[in-house]
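# Fold and geometry: a report
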Amino acid sequence: MRIIGGKYRGKSLAAFKGKEIRPTADRVKESLFNILAPEIHGSNVLDLFSGSGGVGLEALSRGADFVVFNDFSKDSLAVLKKNCAALKVEPKIYNLDFRELLKSLDITFDVIFIDPPYKSGYGRVALELIAERKLLNTGGVAVFESDKPFTDEIADLVKYDERKYGSTYLTFFSPD
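Attention here is on the structure that accompanies the text. (Residues numbered from 1 in each chain as written. Predicted model: local features only at pLDDT ≥ 70, side-chain atom pairs only at ≥ 80, totals over all residues. Heavy atoms only, no water.)

## Remarks on the packing of aromatic side chains
Short version of the rule: By convention, a stacked pair of Phe, Tyr or Trp rings (six-membered ring in the case of Trp) has centres within 6.5 Å and planes under 30 degrees apart, an edge-to-face pair has planes over 60 apart, and any other such pair is tilted. Helix and strand assignments follow DSSP, with helices taken as H or I runs no shorter than four residues and strands as E runs no shorter than two, numbered in order from the N terminus. Here's how the labels work: a residue is buried when its accessible area is under 20% of the maximum for its type, exposed when over 50%, partly exposed in between, all with a 1.4 Å probe on protein chains only.
In the structure shown here, the tally under the stated rule is 6 aromatic pairs. Look at Phe49 and Phe98: their rings are 5.1 Å apart centre to centre, the planes differ by 45°, and that puts the pair in the tilted class. Of this pair, Phe49 sits in the loop between β1 (44–47) and α2 (54–61) while Phe98 is found in helix α4 (residues 98–104), placing the two residues 49 residues apart along the sequence. There is no split in this pair, since Phe49 and Phe98 are both buried.

So this is what it looks like as structure tokens:
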């Protein structure tokens, strides 16, 4: 894993070993940030299921003002903290169940990245809570990464785009 663009471009990131962890592939991350380029600079970003932090750290590298990281796994957060130290950044990091975090946040975001374990069903729940709590700013975007197309409707969010990269789908939502 590495930072693809911005001020930390080319920096290697520590990653997990094993099959249970699935960091966003560099090709998918590069496409994602090409799509989100106009939204990133100066933005508030939430990396909800952050793992080792590849997506949120890419956002910081590309000029996001503020990134909040959250992951339930302490092992994931240990790798994230190692990556933050290597880049000399000190973002806000939470170790909470995603529902608890979304219910407690008192700030809103321009970009929210949702990459839960694929078979968990957590993505839909997260999108519903984001919409219910109005955590996405006007003109903001929530991106849901999954292994299949998103076919459901979420009240107060509009699905406006979906892209497929190999076996990965990125689905884009904006506030209604």
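Alright, that's what it looks like, and here's the rest.
## So, the side chain of Asp115
Of note, Asp115 is situated in the loop between β4 (109–114) and α5 (122–133). You can call Asp115 buried: its relative accessible area is 9%.

## A look at the nonpolar core
Just so we agree on the cut-off: To qualify as a nonpolar core, a set must consist of buried Ala, Val, Leu, Ile, Met, Phe, Trp, Tyr and Cys residues joined through side-chain atoms within 4.5 Å. Note on definitions: a residue-residue contact is assigned when non-hydrogen atoms from the two residues lie within 4.5 Å.
If you look at the biggest cluster of nonpolar residues, it comprises 28 residues, and the most contacted ones within it are Leu32, Leu36, Leu57, Val143 and Leu170. For this core, the secondary-structure elements that each account for two or more residues are α1 (26–40), α2, β2 (66–70), α3 (74–87), β4, β5 (136–146) and β7 (168–175). Not counting the four nearest positions on each side in its chain, Val143 is found in contact with Leu32, Leu36, Ile112, Phe113, Ile114, Leu170, Thr171 and Phe172. With 24 residues, the next largest nonpolar core counts Phe49, Leu101, Leu127 and Leu135 among its residues.

## Concerning unusual backbone geometry
Of note in the backbone geometry, Lys134 takes a positive phi value of approximately 55° without being a glycine. With respect to the element layout, Lys134 can be found in the loop between α5 and β5. Owing to a relative accessible area of 56%, Lys134 belongs among the exposed residues under this scheme. If you check the backbone angles, Asp156 has positive phi at about 75° while not being a glycine. Mapped onto the elements, Asp156 comes out in the loop between β5 and β6 (157–165).

## Quick word on the sheet that holds β4
For clarity, the cut-off: Between any two strands, at least two bridges found by DSSP are needed for them to pair. Simply put, an axis is a line fit to the C-alpha atoms, just over the touching stretch for a helix, and the angle between two N-to-C directions goes from 0 to 180 degrees.
Ordered by their spatial adjacency, 7 strands build an open sheet running β3-β2-β1-β4-β5-β7-β6, and the pairing between neighbours is mixed. Here the strands that pair on one side only, and so sit at the sheet edges, are β3 (92–94) and β6. Taking the axes of each pair of neighbouring strands and ignoring which way they run, one obtains an average angle of 15° across the sheet. As paired strands, β6 and β7 are joined by 8 bridges and run antiparallel to one another. Residue pairing for β7: Asp161 is matched across the bridge by Phe172.

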